[in-house]
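# Observations on chain architecture
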Amino acid sequence: LRFIRADTQCLPFVSESLDCVHFGAALHCVPDAGAALRSIHGCLKRGGRLYATTFLRPLPDVVFRFFTPEELRQLVEEAGFKNVEVDASGVYGVVRAERGS
């Protein structure tokens, strides 16, 4: 198991080379969450898993962009992920998704 810290919009991995990506409490921090999710999707092997956590609305969009659970689901699905689950607990969200074939 290796932990690597990298720019999610420009990941330093070969396409379809990762089994799993954990994107911890940061989706709200990136300038383009859709681009980050597409980049992650491209690095995952078919059937690879995404586990992401982030803060949700009703936190105000002052410095960061916060999402509703529905917006988060849509972003992940638009990036090409399947079997998307978004669990919300207060202002904290957990995403589980799979790269389809």
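Worth saying up front: this structure is predicted, and the values here are computed from it rather than measured.

Turning our attention to the overall build of the chain. A count of helical and extended segments in the chain gives two helices and four strands. For the chain, the α and β elements follow one another from N to C terminus as β-α-β-α-β-β. For the chain, the C-alpha radius of gyration of 13 Å lies close to 13 Å, the compact-globule estimate for 101 residues. Across its three principal axes, the chain shows a C-alpha extent of roughly 35 × 25 × 25 Å. Among the 101 residues that make up the chain, the fraction classed as buried is 39%. In the chain, of all internal contacts separated by at least 6 residues, the share reaching a separation of at least 24 is 62%. Taken as a whole, the chain presents about 6,000 Å² of accessible surface, with 53% of it coming from carbon and sulfur. Computing the positive centroid from 12 side-chain charges and the negative centroid from 12, the chain places the two 5 Å apart.

What follows is about the pairing of strand 2 (residues 44–55). For strand 1 (residues 18–23) and strand 2, the ladder comprises five bridges, and the chain directions are parallel. Bridging from a neighbouring strand, Leu18 pairs with Leu44 of strand 2. A crossover connection joins strand 1 to the parallel strand 2 through helix 1 (residues 33–43); in handedness this β-α-β unit is right-handed. Pairing of strand 2 with strand 4 (residues 92–99) involves seven bridges; the strand directions are antiparallel. Note that in strand 4 the partner of Ala52 across the bridge is Val95.

A word on a nonpolar patch on the surface. Residues Phe55, Val91 and Tyr92 make up a contiguous nonpolar surface patch of roughly 220 Å² in combined accessible area. You can see Tyr92 is positioned in strand 4. Overall, the relative accessible area of 33% leaves Tyr92 in the partly exposed class.

Another point: the sheet that holds strand 3 (residues 81–89). Overall, mixed pairing links the four strands, which are arranged 1-2-4-3 in an open sheet. A single partner strand is all that each edge strand has here, and the edge strands are strand 1 and strand 3. Each strand of the sheet is rotated relative to its neighbour by a mean of 10°, with strand direction disregarded. Those strands touched by helix 1 are strand 1, strand 2, strand 3 and strand 4, and its axis lies near 150° from that of strand 2.

Thresholds applied
- All chains use their own residue numbering, which begins from 1 and follows the written sequence.
- Local features are withheld for residues below a pLDDT of 70 in this predicted model, meaning they are given only at 70 or higher, and side-chain atom pairs are given and counted only at 80 or more; totals for whole chains, interfaces and linings count all residues.
- Computation of side-chain values covers all heavy atoms of the structure but excludes hydrogens and water.
- Secondary structure elements are taken from DSSP: a helix is a run of H or I of four residues or more, a strand is a run of E of two residues or more, and numbering for both begins at the N terminus.
- Throughout, the radius of gyration refers to the C-alpha atoms, and the reference size of a globule is 2.2 Å times the residue count to the power 0.38.
- Residue burial is assigned from relative accessible area. The probe radius is 1.4 Å, only protein chains are included, and a residue is buried under 20% of its type maximum, exposed over 50%, and partly exposed in between.
- Throughout, a residue-residue contact means that at least one pair of heavy atoms, one from each residue, lies within 4.5 Å.
- Shrake-Rupley sampling with a 1.4 Å probe provides the accessible areas, and residues are treated as covered by the protein chains on show and by no other component.
- As used throughout, the charge tally considers Lys and Arg to be positive and Asp and Glu to be negative, leaving His and the chain termini uncounted.
- Lys charges are placed at NZ, Arg charges at CZ, Asp charges at CG and Glu charges at CD.
- Whether two strands pair comes down to DSSP finding at least two bridges between them.
- Assignment of crossover handedness uses the view with strands pointing away from the viewer, where a clockwise path from the first strand over the helix to the second indicates a right-handed crossover.
- Only residues whose relative accessible area exceeds 30% and that form no salt bridge are eligible for patches; like-charged ones are grouped when within 9 Å, while nonpolar side chains (Val, Leu, Ile, Met, Phe, Trp, Tyr) are grouped when within 5 Å.
- Every case where a carboxyl oxygen of Asp or Glu lies within 4 Å of a side-chain nitrogen of Lys or Arg is listed as a salt bridge.
- Under this scheme, a helix contributes an axis fitted over its contacting stretch, all axes are lines through C-alpha atoms, and angles between N-to-C directions fall in the 0 to 180 degree range.

Note that every value here comes from positions in space, so none of it alone points to a role or purpose.
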